[in-house]
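Listed here are the chains, written in short residue letters.
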Amino acid sequence: MTKKHLSAIIDGHLAWLFSLLLPFIVAACTSRPENVSDLDETPAIYPDYTGVTVPADIAPLDFAMADDAVTCIDVEVKGSKGGSIHANGAYADFDIDEWHQLLATNRGGQLDVTVCAEREGAWVRYRPFTIYVSRHALDEWGVTYRRIAPGYSLYTNMGLYQRDLSSFDEEALLLNSQSAESCVNCHTPNRTRPDQYVFHVRGKHGATVIHRGGTDQLLKARVDLLGGSMVYPYWHPEGRYCAFSTNKTAQQFHLCDSNRIEVYDSQSDVFVYDTETRAIISDSLLSRADWSENVPVFSPDGRWLYFLSAQSQEYPKDYRQQRYSLCRIAFDASKGELGHEVDTLISAHATGKSVTWPRPSYDGRYIMYTQIDYGYFSVWHVESDLWLLDLQTGATRPLDEVNSHESESYHNWNVNSHWFLFTSRRDDGLYTRIYLSSIDDDGRATKPFMLPQRDPKRYYSRLLDSYNTPEFTARPVEMDARTMGIRIDSDDRIDTAK
């Protein structure tokens, strides 16, 4: 090897090493503002945290300037009830203990954030912006979600994760590489309780995993009695019953459409599973031959089972004609019996639109749902927006203060019903990210904020996964991934055809 070749190799390795160290070198920027010019405008920051409302127990809202030409920023945060913190560097990297102390002091108040930015050696100071600190606690430890590439049919890398909302700590609960590369999805707790949950496994060793009373039941993924798989679970508040739909799902791709893909069911019905007797509770009202019943959820008091209903169409030809209404039927938990009448709360015939993903607030006041032009699989629909149904007045309205020009979907409430999360593609039109917002006493939602990350600009630019089906969790979920993977890879399943 010649000296020239050796030198080239060394130079290449040094360049590679420098590329790895560059973010840390830049982050160590200690330039201080001097000869500062004032600008009468709000800074453009990423993520956009201007004017948001946050709980006092949220992780630091680290941010960077949206303009990549900015080399250093200097940020001071002052509380209306006292206290201040400071950050200086390539992005606003707040000390986590100082951040939590400042928010605790200013609960019910506000933070005024002043940003100075250096660009080409010149400093400017922007008009301060406000972050409001809610008087309502989050009352949740964190969130669970699936991370998956934004593809259509392949799932070589995906997993179920949990994240501490007061910090940036994330932990994998179960990766599909730990279970023969199956498709794992839809981790659903009972009212954010981590000791009772269900999730699905699709693939060769498919299963519906129900964790209850410290044990795991691995049910057959397909319910032969009902002719489909157990999908879209939702727990009865007492914890004995879990509602599912059974779906025959297909997808088609658009050649020229703002929506890339359409996911639909050629057939779907709704049933309730008794985890104690392993019996299936069904009724002809929830499995009509010419109708599709879907996405069941129990009311917070357990007396009602809400679900979607649409007249079946000829798929794929008439996919744009299928529109779902929001319905309900009574449920008697003491007898394990469904009622004899179906009520329609929101009629697709009247609105000309389709309802999907109904989620009742745990205080019984609202049902948040997604409205789209047709179908129910809203994550691929650009027009997908969040709506709020007031169960006290019967009035329903779009959450304009939350919605964007991209898809909003997969929303869920926290246990005290003052906070909710949802996924949105508003960031780049491709990847779904998690956003949080709160509901005030008048039913108005606050400006949503993106799930905080340390060095968020760098984090989200390198993350090649979408967040999927997020749920709040009151405490960390305990799952032995190795044992679960072994059980999933086995053929030991419980028959649900009782």
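Remember, it's a predicted structure, so these values are computed and weren't measured experimentally. (Residues numbered from 1 in each chain as written. Predicted model: local features only at pLDDT ≥ 70, side-chain atom pairs only at ≥ 80, totals over all residues. Heavy atoms only, no water.)

Colleague: For the overall build of the chain, give the residues involved together with the corresponding values.
Modeller: Each helix and strand in the chain was counted, giving 5 helices and 34 strands. Here the chain, with 498 residues, has 54% of them falling under the buried criterion. Taking all contacts inside the chain whose residues are at least 6 apart in sequence as the whole, residues at least 24 apart take part in 57%. (Helix = DSSP H or I, 4+ residues; strand = E, 2+ residues; numbered from the N terminus. Buried < 20%, exposed > 50% of the residue type's maximum accessible area, 1.4 Å probe, protein only. Contact = heavy atoms within 4.5 Å.)

Colleague: Break down the sheet that holds strand S22 (residues 291–298) for me, citing the residues and quoting the values.
Modeller: Within a sheet, neighbouring strands are paired by backbone hydrogen bonds and run either parallel or antiparallel to one another. Spatial ordering of the open sheet is given by S22-S23-S24-S25, a layout of 4 strands whose pairing is antiparallel. At either margin of the open sheet sits one strand with a lone partner, and together these are S22 and strand S25 (337–346). Across this sheet, the average inter-strand angle for adjacent strands is 30°, counted without regard to direction. (Pairing = 2+ DSSP bridges. Axes fitted to C-alpha atoms, helices over the stretch in contact; angles between N-to-C directions.)

Colleague: I'd like to hear about the pairing of strand S18 (residues 228–235), residue by residue, with values.
Modeller: S18 sits mainly inside the fold: 7 of its 8 residues count as buried. With 2 bridges connecting them, strand S17 (residues 222–223) and S18 associate as antiparallel partners. Bridge pairing links valine 223 to glycine 228 in S18.

Colleague: If you had to explain the pairing of S25 to someone new, which residues and values would you point to?
Modeller: Inspection of the sheet shows strand S24 (residues 325–332) paired to S25 by 6 bridges, in the antiparallel sense. Note on S25: the bridge partner recorded for leucine 326 is isoleucine 346. Between S24 and S25, which pair antiparallel and follow one another directly, the connecting turn spans 4 residues, one of which, glycine 336, has a positive phi of 65°.

Colleague: Go over the pattern of salt bridges, please, and point to the residues and values.
Modeller: As enumerated under the stated definition, the model contains 21 salt bridges in all. For arginine 119, the salt bridge goes to aspartate 67, with nearest N and O atoms at 2.9 Å. Within this pair, whereas arginine 119 is found in strand S7 (residues 110–119), its partner aspartate 67 is found in the loop between strand S4 (64–65) and strand S5 (70–79), the two being separated by 52 residues in sequence. Given a relative accessible area of 32%, aspartate 67 falls into the partly exposed group. Ionic pairing is found between arginine 426 and glutamate 408, a salt bridge with its closest N-O pair at 3.0 Å. (Salt bridge = Lys/Arg side-chain N within 4 Å of Asp/Glu carboxyl O.)

Colleague: With reference to specific residues and values, describe the packing of aromatic side chains.
Modeller: For the structure shown, the criterion picks out 17 aromatic pairs. Taken together, a centroid distance of 5.4 Å and an interplanar angle of 50° make the contact between tryptophan 357 and tyrosine 410 tilted. With tryptophan 357 in strand S26 (residues 354–360) and tyrosine 410 in strand S30 (residues 408–413), this residue pair connects regions lying 53 residues apart in the sequence. Like tryptophan 357, the residue tyrosine 410 is buried in the burial classification. Three or more aromatic residues link up through ring pairs in this structure, and these residues are Tyr366, Trp413, Phe420, Phe422 and Tyr435. It is arginine 426 that lies over the ring of tyrosine 435; its NZ or CZ is 4.9 Å from the centre. (Phe/Tyr/Trp six-rings, centres within 6.5 Å; stacked < 30°, edge-to-face > 60°. Lys NZ or Arg CZ within 6 Å of the ring centre and 35° of its normal.)

Colleague: Could you give me a rundown of the confidence of the model for the chain, with the residues and numbers involved?
Modeller: Scored by pLDDT, the chain has a mean of 89; 88% of the residues are at 70 or more. Contacts for the low-pLDDT stretch residues 1–28, under 50 throughout, to residues beyond four places or in other chains number 10 contacts. (pLDDT = per-residue confidence, 0-100.)

Colleague: Summarise helix H5 (residues 481–489); cite the residues concerned and give the values.
Modeller: If you check which residues of H5 are buried, you get Ala481, Met484, Gly485 and Ile488. One side of H5 carries all its buried residues, which in axial view fall inside an arc of 100°. Here the buried face of H5 lies against strand S12 (170–175), strand S14 (193–202), strand S15 (207–212) and strand S16 (215–220). Its side-chain oxygen placed 3.2 Å from the backbone nitrogen of arginine 482, aspartate 480 serves as the N-cap of H5. (Arc of directions from axis to C-beta. Polar contact = N/O pair within 3.5 Å; in protein donor to acceptor, adjacent residues only side chain to side chain.)

Colleague: Let's hear about the sheet that holds S30: which residues, and what values?
Modeller: Spatial strand order, S30-S31-S32-S33: 4 strands in an open sheet with antiparallel pairing. Sheet topology places S30 and strand S33 (449–450) at the edges, where each strand pairs with a single neighbour.

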